[in-house]
Amino acid sequence: MQLGVIGLGRMGGNIVRRLMRAGHECVVYDRDPKPGQALAADGALLAADLRDMVAKLKAPRAIWVMLPAGKITEATLAELAGLVEAGDTLIDGGNAFWKDDVRRGKELAAKGIHYMDIGTSGGVHGLERGYCLMIGGDKEAFDRLESIFRALAPGKGEIEPTKHREGRNPTSEQGYLHCGPTGSGHFVKMIHNGIEYGMMQAFAEGFDLLRNASAKEGLPAEYGFDFDVAEIAEVWRRGSVVTSWLLDLTAEALAADEELSSYTGNVSDSGEGRWTVDAAVETATPAEVLTSALFARFRSRVDHTFGEKILSAMRAGFGGHVEPKKQG
């Protein structure tokens, strides 16, 4: 199947590579010509601009936009809306705000254009591991493009089957799910990232406690533990109930440098955590852990702890996120 992909950064480029490995044809474009040229050398068809991309795709077209949420995504989708035809499908695979998806979906539906919002999780490792896809939009577009989603998803892999799933949706076990109408995909991804904040904060605080349990001024005499936190992270990976990819990334970072000296602990947030807290307020749903985790990131920009370095190391590990540069 053909797919146009706009935005060839950390995730967009690897989405193209994974699809081409599965035999799909990709037409690609990025304002920076270098990643497009590299993908063209691997077999992608390079477009000169958005109009050229639309011309190179056969109807009914499908175009996946993988750009940062905000003005650049809005502008790109608006331009595409004026170039594609009724029956074509536009996809936002970035971390957009779900209410923007609802608005866009209505605007595009009036022109006969399908719109899909796809929450995409997998970070910089998605090429090999696959991407967990949380998909919103009409079922007709989902059914037509399902071979794309199947190729991007990780598949069952070696994960043990969940008991009592007889008769349930089989795509969830493959790593992709049609969550519902427009906006639902990014809503689910928003909550996913809110949970991620909470899990990361729990690890950060736990390792900070371990590191500070050594005997020092102000502590009771019985606090004389000199823990090797890298070894603790490693032993927890083996059979403990907190085993996870986030722990794997933490263990790897600590094994490389137990002091995490390359990190300051200034932790950014990319929007989904804030939107999650907004949704908790709007639905009057208690979300104490997720809210506290977000506010801990705000505090990290004023005063850093070893725990915040743990957060930075995890973010670098799964998403290639770098800390903001020092001001001044």
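What counts, and at which threshold
Residues numbered from 1 in each chain as written. Predicted model: local features only at pLDDT ≥ 70, side-chain atom pairs only at ≥ 80, totals over all residues. Heavy atoms only, no water. UniProt positions renumbered as here; feature names shortened; annotations may be inferred. Domains from an automatic or database assignment. Buried area = accessible area lost by both parts, 1.4 Å probe. Salt bridge = Lys/Arg side-chain N within 4 Å of Asp/Glu carboxyl O. Polar contact = N/O pair within 3.5 Å; in protein donor to acceptor, adjacent residues only side chain to side chain. Helix = DSSP H or I, 4+ residues; strand = E, 2+ residues; numbered from the N terminus. Nonpolar A, V, L, I, M, F, W, Y, C, P; charged D, E, K, R; others polar. 1 Å grid on protein atoms, 1.4 Å probe; cavity = no way out; pocket = protein on both sides within 12 Å on 5 of 7 lines; lining within 4 Å. Points joined across faces, edges and corners; volume = space filled by probe spheres on them. Buried < 20%, exposed > 50% of the residue type's maximum accessible area, 1.4 Å probe, protein only. Pairing = 2+ DSSP bridges. Right-handed = clockwise from strand over helix to strand, strands pointing away.

Where an unreviewed UniProt entry is consulted, the protein chain appears under the name 6-phosphogluconate dehydrogenase, with the organism given as Bosea thiooxidans. Of the comments in the UniProt record for the protein chain, the one headed Pathway (unreviewed entry) reads "Carbohydrate degradation; pentose phosphate pathway." The Sequence similarities (unreviewed entry) field of the UniProt record for the protein chain holds the comment "Belongs to the 6-phosphogluconate dehydrogenase family."

Caption draft 1: Molecular detail of the domain arrangement of the protein chain. The domain boundaries assigned to the protein chain delineate domain 1 (2-159 + 169-180) and domain 2 (189-300). Spacing between the C-alpha centres of domain 1 and domain 2 amounts to 32 Å. Summed over both partners, the interface of domain 1 with domain 2 comes to about 890 Å²; 63% of that surface belongs to carbon and sulfur atoms. Remark: the boundary between domain 1 and domain 2 carries one salt bridge. Counting across the domain 1 and domain 2 interface gives four residue pairs in polar contact (both at pLDDT 80 or more). When residues of the side of domain 1 that touches domain 2 are traced back to their parent elements, those giving at least two are α5 (98-109) and β6 (114-121). Top element by residues in the side of domain 1 that touches domain 2 is β6. It accounts for three residues. Taken together, the residues that form the side of domain 1 that touches domain 2 break down as five nonpolar, six polar and two charged.

Caption draft 2: Inspection of empty space enclosed by the protein at higher detail. If you walk through the whole model with that rule in mind, you get one cavity of 30 Å³ or more. Quantified by volume, the largest cavity comes out at close to 30 Å³. Lining the largest cavity are N95, A96, H186, K189, M190, E272 and W275. Looking at the lining of the largest cavity, the elements that each hand over two or more residues are α10 (184-211) and α13 (272-282).

Caption draft 3: Representation of unusual backbone geometry. Residue P60 follows A59 across a cis peptide bond; omega there is -5 degrees. For P60, the position within the fold is in the loop between α3 (50-56) and β4 (62-65).

Caption draft 4: Layout of the pairing of β4. Of the two faces of β4, the one holding A62 and W64 and the one holding I63 and V65 are both buried throughout. Taken together, the three bridges between strand β1 (residues 2-6) and β4 define a ladder with parallel strand orientation. Counted as the bridge partner of I6 is V65 from β4. Two strands pair when backbone bridges link them, and β4 and strand β5 (residues 89-92) are joined in this way by four bridges, in the parallel orientation. Paired with V65 across the bridge in β5 is D92. Each parallel crossover has a hand, and the one from β4 via helix α4 (residues 71-81) to β5 is right-handed.

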